[in-house]
Amino acid sequence: MIKGITILSLLCLLLAGCFTTRLEHIDLQVKFAKENPVLIKEMAEYAVLFCRENKISEFKTELVSDKSIRRKMARLGETIYVNYGNSCCSQDSSVTFHEVSIGNGVQEFVYDFKTHPRNDGDDAEISKDNATIQVSERIYYKKRPFPMM
């Protein structure tokens, strides 16, 4: 009996090491955003053009015909939302790359094209399940728990 509990305990300990904690996952995503601001900006620009050409404000990455662009965009999220603010100009838009997964909940990369971007500086809001972090002047990372129905 004790031998079985010991083996089970060791297995649980080993498996726990295979998964990143929520804060480690947030750190990894913020690091990714800091290392890839050009990618995020380029994909945001592409998303605005794609939405304008197709007269839509959101789309799934699978709708992008260019495989290279689709692959890059999928690294940021599976659904892309373009918010034009008060006008249809790309200057006042923001692009949200949205991903939902059971393990990581909802995570978003946001690129803000607004003329006067919201500048939160280093004021990152991080709680047990939620995070809103300003990565750069125009890039934000947001995370929240998996939505319950």
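Cut-offs and rules
Residues numbered from 1 in each chain as written. Predicted model: local features only at pLDDT ≥ 70, side-chain atom pairs only at ≥ 80, totals over all residues. Heavy atoms only, no water. Helix = DSSP H or I, 4+ residues; strand = E, 2+ residues; numbered from the N terminus. Expected span 1.5 Å × (residues − 1). Buried < 20%, exposed > 50% of the residue type's maximum accessible area, 1.4 Å probe, protein only. Arc of directions from axis to C-beta. pLDDT = per-residue confidence, 0-100. Axes fitted to C-alpha atoms, helices over the stretch in contact; angles between N-to-C directions. Parallel < 35°, antiparallel > 145°, perpendicular 65-115°, else oblique. Left-handed = near helix turned anticlockwise from the far one by under 90°. Contact = heavy atoms within 4.5 Å. Nonpolar A, V, L, I, M, F, W, Y, C, P; charged D, E, K, R; others polar. Core = buried A, V, L, I, M, F, W, Y, C linked by side-chain atoms within 4.5 Å. Pairing = 2+ DSSP bridges. Polar contact = N/O pair within 3.5 Å; in protein donor to acceptor, adjacent residues only side chain to side chain. Phe/Tyr/Trp six-rings, centres within 6.5 Å; stacked < 30°, edge-to-face > 60°.

A.B. asks: Can you tell me about helix H3 (residues 37-54), naming the residues and giving the values?
C.D. replies: Think of an α-helix as turning once every 3.6 residues; residues three or four places apart then point the same way. Its 18 residues give H3 an end-to-end C-alpha distance of 26 Å, which sits within 8% of 26 Å, the value for a rise of 1.5 Å per residue. Within the sequence span of H3, burial applies to Leu 39, Ile 40, Met 43, Ala 44, Ala 47, Val 48, Phe 50 and Cys 51. Looking down the long axis of H3, one finds its buried residues gathered within 170° of arc, a one-sided arrangement. H3 presents Val 38 and Glu 53 as exposed residues on the side facing more than 90 degrees away from its buried surface.

A.B. asks: Let's hear about the confidence of the model for the protein: which residues, and what values?
C.D. replies: Taken residue by residue, the protein gives an average pLDDT of 81. The fraction at 70 or more is 70%. Considering each helix and strand of the protein separately, the mean pLDDT is smallest for helix H1 (residues 2-16), with a value of 62, and largest for strand S1 (residues 58-60), with 96.

A.B. asks: An account of the packing of H3 against helix H4 (residues 67-76) is needed here, citing residue identities and associated values.
C.D. replies: Running from N to C, H3 and H4 point in directions that differ by 110°, and their axes come no closer than 10 Å. Taken together, the axis directions place H3 and H4 in an arrangement best described as roughly perpendicular. The two elements H3 and H4 cross, and the hand of that crossing is left-handed. Within the contact between the two elements, H3 uses Leu 39, Ile 40, Met 43, Tyr 46 and Ala 47 and H4 uses Ile 69, Lys 72, Met 73, Arg 75 and Leu 76. Split into classes, the residues belonging to the contact of H3 with H4 amount to 8 nonpolar, no polar and 2 charged.

A.B. asks: So what about the nonpolar core? Which residues, and what values?
C.D. replies: Soluble globular proteins: nonpolar side chains tend toward being buried together. Of all hydrophobic cores here, the largest spans 30 residues; its most connected members are Met 73, Val 95 and Phe 97. Ranked by residues supplied to this core, first place goes to H3 with 8 residues. Sequence-distant contacts of Met 73, that is, excluding residues within four places in its chain, are made with Met 43, Tyr 46, Ala 47, Phe 59, Thr 61, Val 64, Ile 80 and Phe 97.

A.B. asks: Break down the pairing of strand S7 (residues 139-144) for me, with residues and values.
C.D. replies: Bridging between strand S4 (residues 105-112) and S7 involves 6 bridges; their strand directions are antiparallel. Bridged to Gln 107 within S7 is Lys 143. Here strand S6 (residues 131-134) runs beside S7; their pairing, made up of 4 bridges, is antiparallel. Across the sheet, Ile 133 pairs through a bridge with Tyr 141, a residue of S7. Following S6, the chain reverses through 4 residues before pairing antiparallel with S7.

A.B. asks: Could you give an account of H4, with specific residues and numbers?
C.D. replies: Taken as a whole, H4 has its buried residues at Ile 69, Met 73 and Leu 76. Buried residues of H4 fall within an arc of 40° about the axis and therefore sit on the same side. Every exposed residue of H4 that faces more than 90 degrees away from the buried side is listed here: Lys 67, Arg 71 and Arg 75. Where H4 begins, one side-chain oxygen reaches toward the backbone nitrogen of Ser 68, 2.9 Å away; that side chain belongs to Asp 66.

A.B. asks: Got a sec to walk through the packing of aromatic side chains? Specific residues and values, please.
C.D. replies: Enumeration according to the criterion identifies 5 aromatic pairs in this entry. Judged by centre distance (5.9 Å) and plane angle (55°), the ring pair of Phe 32 and Phe 109 falls under tilted. Of the two residues, Phe 32 sits in helix H2 (residues 22-35) while Phe 109 sits in strand S4, which places them 77 residues apart along the sequence. Of the two residues, Phe 32 and Phe 109, both sit in the buried class. Between the aromatic rings of Phe 50 and Phe 59, the centroid separation amounts to 4.4 Å while the plane-to-plane angle is 45°, which identifies the pairing as tilted.

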